[in-house]
Amino acid sequence: MTPPPAASVADMIRPVPLVADSQVNRDILAVMDRPTMPYWLLLGFLVVFVHAAGAVWVYQVYMGLGIAGYAHPIFWGVYIVTFVFWVGIAHAGTLISAILYLFRSKWRNAINRSAEAMTVFAVLTAAQFLGIHVGRIWKSYFILPYPNQRGLWVNFKSPLVWDTFAISTYGTISALFLFVGLIPDFAIARDRSTGWRKLLYTALALGWQGKSKQWKAWNRTVLHLSGLCTPLVLSVHSVVSWDFAMSIVPTWHATIFAPYFVAGAIFSGFAMVLTMMIPVRRIFGLEAYITDYHFDNMAKFILLTSLIVGYSYLMEFFIAWYSGNEFEQTAWWYRVFGPYWISTWTMLICNTVIPQVFWFKRARTHVPTVFAVSIFVNIGMWFERYVIIVIGLSHEYDPAVWGIYTPRPPELMILAGSFAFFAMFFVIFIKLFPVIAVSEMKELAIHQKSHAHEGAH
Amino acid sequence: MPELDRRDFLKLVGVGAGAAAAAGCSDPVEKLIPYVIQPEVITPGIPVYYASTCRECSAACGLHVKTREGRPIKLEGNPEHPVNKGSLCARGQAGIGRTYHPDRFPGPMLRGSDGKLAPISWKDATELLATKLRGGAGNAYLLGSDPGPTASGLLDKWVAAVGAGGRVVYEPFAPEALLEATQLVFGVASEPVFDLSKADFVVSFANDFLETGVSPTEHARQLAAARDIGAHPEGGARFVYFGPRLSMTASSSDEWIPARPGSEGILAMALARVVLENGAGSASERTLLSGVLDGFDAERAAARTGVDAKTIERVGKALAKAKVPVALPPVGGFASNRARAATAAVLVLNQVIGAVGKTLALLPLPSDGKRASYKELLALVDSMKSGKVSVLLVYGADPAYSMPQTTGFADALAKVPFVVSFASSKNETSALAHLILPEHTPLESWGDAQPRAGVRSILQPTVRPLQDTQALVDALLDVGRAVGPEVAAKLPTGSFRTLLEAAWSDVDFRQALQRGGVFTEKSGPASAGLSAGVAKLEVAEPHLEGEGDYVLLALPSPLLYDGRGANLPWLQEIPDPVMKIVWQSWLEVSLETAQKLGVVAGDVLVIETGGQRRAEVPVVPRGGLRNDVVALAVGQGHTQGLYASHENDGRPGEARGVNVISLLAAATDEMGGRAWLTTKAKLSKAGRSERVAFTGANDNERERMLGEAIALSDLLSGKSVVDPEMLGLAASVKERLQDAARKGETAAPPAEVPPEALGRNGEFVAYNPTEDAKPGSPYRWGMTIDLDRCTGCSACVAACYLENNIPIVGEEQSIRGRIMSWLRIERYVTEGDVDFIPGRPPHSTLERLGHVGVRHLPMMCQHCGSAPCEPVCPVFATYHNPEGLNGMVYNRCIGTRYCSNNCPYKVRRFNYYNYGLDNWPEPMKLMLNPDVTVRCKGVMEKCTYCTQRVEAARQPAKNEKRLIRDGEVTTACAQSCPTQAITFGNLKDADSQVAKKGSDPKRGYHALHVLNTRPATTYLAKVVRGSVEV
């Protein structure tokens, strides 16, 4: 087998800047410098907002779920919508870190750290909603299969139990993945910092010295974790989709749900990475590390997943028509032309029409456009879940009990609070941990230098 | 102890351990004081039933009051009572709330100079009233409802003894015209009692006898018997309804003929003429009536009634052919200023079709006690206005609410210097009274009632009075004795209880108490002759006041009746059987009227009826109403009362809805009886809208196998409501088997078909509900609901609320769709097209003028054998029990609500708030059923098939080492149903009623059967008998 031409290899790794190791250290770790006033203000705002949302939640626990918009027969609303949304967001991180790692897509290095962090925070945020949405949070431990004298056990037939396992597994693995990846960078940070940070990084670096034996072990660990994570990327959102697909609700009960949800999750996850990284890149001057090339690649991913999602939408409509099933047909008609039409059309336009601009390379590399599209996709994907969950439940089998759901202020407050919760962790993260994987950037730089050298020949 | 097996031993150990553990807990110390000497009849945990009588309306149904540890907790029908035979309507059942109502007066109250009520002792209050009477008892009047024959007689004695001005009996919807018309037509003073049970043809002239007639439960039972498809395979009695509105009664008819309101008399005359022309009636009747019927040929009647001549001819001929027909005269809201003539015309029709002696009994009027007289009341109002009344004693009625403003009752009452109210809880009249001497509620009282000759029904107290109250008669006797010794001498001695016993001394009082009364069925004369006065009968259209384009129908509400039910929260929260609206007033207009005015449901209309009479009310357009009428139910518009007004929404004193009585003109019929159909209305837009508290989304069943019906002709030709070919599984199985046969293979059943779904020859057999219990379990509980018998009356809904401690959520939460009822009655109007509906689905799409097609579908948990809710619950809070019940463990529920999402019948309810604690204001908590858990916030709940009743029956059966017998246990809904549409029992017992009814191969089906949920509830399709043919 002939090796690929040098030029193509060089092309593949083009995004890595030709900078000295020390420069990489300085640039990336500069982000972690002493926080400025605007940073404190932002963090303060987020912390206060999270607490305000928390207060609303405490009030909800005290009063009961009546303060939310639930009304018979629509018993899942904004909370489950937002849960699925955040689980979806959590997918890009693992995809970038694990699958692209296994495929040796080097361009992932600039974004993998932030994507992994995002994954962990998104899972954390999503997990909150499992508790927020249940009627009796104080009894929610019943869902765990713990041994007890009463001989009570959980119902392993229930997709909600699968969900609990899927989310907790995913949270554990993605946190582990993030932490392992950070170890060499903690060591760099440890060597550069003083005071309490030094103590923190010393502890977190687990005695990393950069020995070749350590690197070898580390590389193996990352590889194995990637292998473990890869099926999870596909399974977690498949399991979440089964929360719906395993039921008999018209528009939920569909075999297409698992791949459709996974594609949607990757779609929304990439959009969220862009939404977070574009401002970070701008504020901290990381233009040299996150380049047009990354945007181009990520935009292509968004375009691909948008097409998959769009195909799924079309296929659902087609099957509803083709099946001749009156329940499905009525529900689909209601979805598009019923009182919730705004949600449906928001979903369709944001998720299938707007991303089509990415057919053009100029759009893919034009940062404001990419940013705008990422926002639209985030909105569209939140509404996708709203459409599936709320509209599905509104128009089921019994026409005498069709209903309408309207979100109430407490739910919207907690929804907004979830964004603050997520952003709060991210904002703390960028000051405490290297937002771009320093060691991997260096590794890339070494490769590139050697390739550049080859090219010169 | 040879009888103690291991399980029982463990149970006892468990109880002991539980008690020990409970004793060890450090919760606040609550003192539970046991009976020192246990009452002989009370065993804790075992209910005691007392027979009594319902006082919610004049039908006087017999009650079995279920008490637990000394507290009444539920009212059930007395099976021995001839009026209701074990069933009880929603209004009667909700009546228990009067005893535990938070609005009750704690004791006698006196209004101070500041206008506020302050407590006063019975002694002082009695003395105060006696003082007022000493100064001129001749100007003192008693005004109130009929308190029963014994109390009535005693009140009359009291009036005579103290020398009071008189006593007026007032009942807003008293059937005065009926008695007057009987006198006119038959020349005898008797009470016409209709018996539909043997009829083969029923014509109702705007008589809503199933919801607000003279005796709703009785007539519902009789109609169901006359139309029972089992006893009458050819369909039983045909039922034609003439009237402008598709009421609950009309929706049970075979043919609804939308006649003009007030045209009932003309129609009856025209029908009588057709009947006579077709050979019915005697020669003497023909001669007598020839003059009167002259102007009522079908053509001319058609022009006056809005019913086409052919229809009149057709119904008339059918009536003439019928063997045991009956015609029911207009009552209630259809009494016009010509009510007597209209009623007389219907009685004449009854005579010519030969109903008298068969379906119409002319029973002697009870001799004791006065009857309601609106004429006397108006005379009293006149004397009040002229200041001739110094003391007015009001009991058992709320005239300040229910008298038309135009009679000037409020002004007249203001001129009375001393008004005494005996109301046990606050109402509009008590708010204007100076002294309040609260009466016992019926559950705390002695008393009796006589709904008709031969039926003597008794009331006995079932609980010690919760408040410091007195029986009406006792209070008045005390006052009379305090007036002076000469008055006391004229009064009977003893308490009301002893006097009642004396009045019943002709029978065994003890036995009467046990049985609820003494019942001897009396029948009237076998035939009667028309009186000569009939020849002078003048039947014509009523005179309506006002200028507007629409006739205003003020019909009694099926649940609130004349407004007396408005303060009982269950009656507010149970959806109106026709419109499915709760807690509100609404104006029904026809679709065409709505279009003309440019309004949609919820838009507020201003309704003006002349003078200063106007009101603003949200509109609800519907197809089941004539274009020339608008309808507004009587019953709402109270300004007093926790539930009757907006007080429970935090707005005390604000009227809930509109009191339509304030819009009516003060008209009377020919003999001074009260007229309700009096007024025309002018409508205009108010330019705003309100949210209507609809509880049913859409009346189009969309061919989804929910509320099914089958045409009588199909039934007779052997068709069934479920086409086996329609079952997807059946078709595919059949195909495969045919395929296999073609290929010459043995017909092995396909793998995915459960073997129990296949018959001996591999053919598909319909789902057998007995299978879904643990093998070996002797029981599989199940239910059948016969839609052909269901009238939509909602008695079952009330029973479910009261049996299962279901909380009331109020108007605002109801609007948001958060009603907690475990059992709802869905109302579908035929199948309709399965067209897609853009936008928000409208409430009503399929009602059309002159088109019945209504199916009432009681919907509760179906206890599916393959329940979609069970596998999705992560914690097994809902599970399948060995006897086939779909159980719900509240303690285990964490509130993911997935079960409800996955329930296709949507019968699960969620506790949004802490209803169990917060929605039972003191002392209503005392009426909770101790056998049913009060649910906490955050858990799901649903119908349990009254599992607590099954458990109650289990122990006696176990003691006797036998199985629970068929009929020994029934659910609250089935128990209350006037038509016995619901049957509950053990499906595994092939001889049980439920198994027999449920195996009806033609009418039986399972709701949404395509989902293969294997429900334990089998519905029996409604039979569409079609319009009347000659």
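Residues numbered from 1 in each chain as written. Chains lettered and ligands numbered in written order. Predicted model: local features only at pLDDT ≥ 70, side-chain atom pairs only at ≥ 80, totals over all residues.

Caption draft 1: Focus on helix α6 (residues 216–226) of chain B. Residue and element names in this part refer to chain B. For α6, a buried count of 11 out of 11 residues is recorded, marking the element as mostly surrounded by other parts of the structure. What α6 keeps buried is the set Pro 216, Thr 217, Glu 218, His 219, Ala 220, Arg 221, Gln 222, Leu 223, Ala 224, Ala 225 and Ala 226. Packing partners of the buried residues in α6 comprise β9 (201–205). (Buried ≥ 20, exposed ≤ 12 C-beta atoms within 10 Å, placed from the backbone. Helix = DSSP H or I, 4+ residues; strand = E, 2+ residues; numbered from the N terminus. Contact = placed C-beta atoms within 7 Å.)

Caption draft 2: The packing of helix α4 (residues 149–162) of chain B against helix α15 (residues 472–483) of chain B, seen in detail. Residue and element names in this part refer to chain B. At a minimum axis separation of 10 Å, α4 and α15 run at an interaxial angle of 15 degrees. In terms of orientation, α4 and α15 fall into the roughly parallel class. Crossing hand, α4 versus α15: left-handed. Residues Ala 151, Leu 154, Leu 155, Trp 158, Ala 161 and Val 162 of α4 form the contact with α15, whose participating residues are Leu 472, Val 473, Leu 476, Leu 477, Gly 480 and Val 483. (Axes fitted to C-alpha atoms, helices over the stretch in contact; angles between N-to-C directions. Parallel < 35°, antiparallel > 145°, perpendicular 65-115°, else oblique. Left-handed = near helix turned anticlockwise from the far one by under 90°.)

Caption draft 3: Structural view of the nonpolar core. The biggest cluster of nonpolar side chains holds 378 residues, and the ones touching the most others in it are Val 273 of chain A together with Ala 268, Leu 271, Ala 272, Ala 345, Val 348 and Val 630 of chain B. Per element, the largest residue contribution to this core is 17 residues, and it comes from helix α4 (residues 78–102) of chain A. Other than its neighbours up to four places away in sequence, Ala 345 of chain B contacts Gly 265, Ala 268, Met 269, Leu 537 and Val 539 of chain B. Counting 71 residues, the second largest nonpolar core, distinct from the first, contains Leu 142, Leu 380, Val 391 and Ile 458 of chain B. (Core = buried A, V, L, I, M, F, W, Y, C linked by C-beta atoms within 7 Å.)

Caption draft 4: Spatial organisation of the confidence of the model for chain B. All names here are of chain B. Per-residue pLDDT for chain B has a mean of 89; in total, 92% of the residues score no lower than 70. Note on residues 20–26: pLDDT is under 50 here. Beyond four places in sequence and across chains, it has zero contacts. Overall fold confidence (pTM) sits at 0.91, and the ipTM for the predicted complex is 0.91. (pLDDT = per-residue confidence, 0-100.)

Caption draft 5: A look at the sheet that holds strand β7 (residues 166–169) of chain B. Residue and element names in this part refer to chain B. Read across the open sheet, the seven strands follow the order β5-β4-β16-β15-β14-β6-β7; overall the sheet is mixed. Each edge of the open sheet carries a strand with a single partner, namely β5 (117–119) and β7. Docked against the sheet, α4 engages β6 (140–144) and β7, running at close to 150 degrees with respect to β7. Running over the sheet, helix α12 (residues 374–385) touches β6, β7 and β14 (391–395) and is turned about 125 degrees from β7. (Pairing = 2+ DSSP bridges.)

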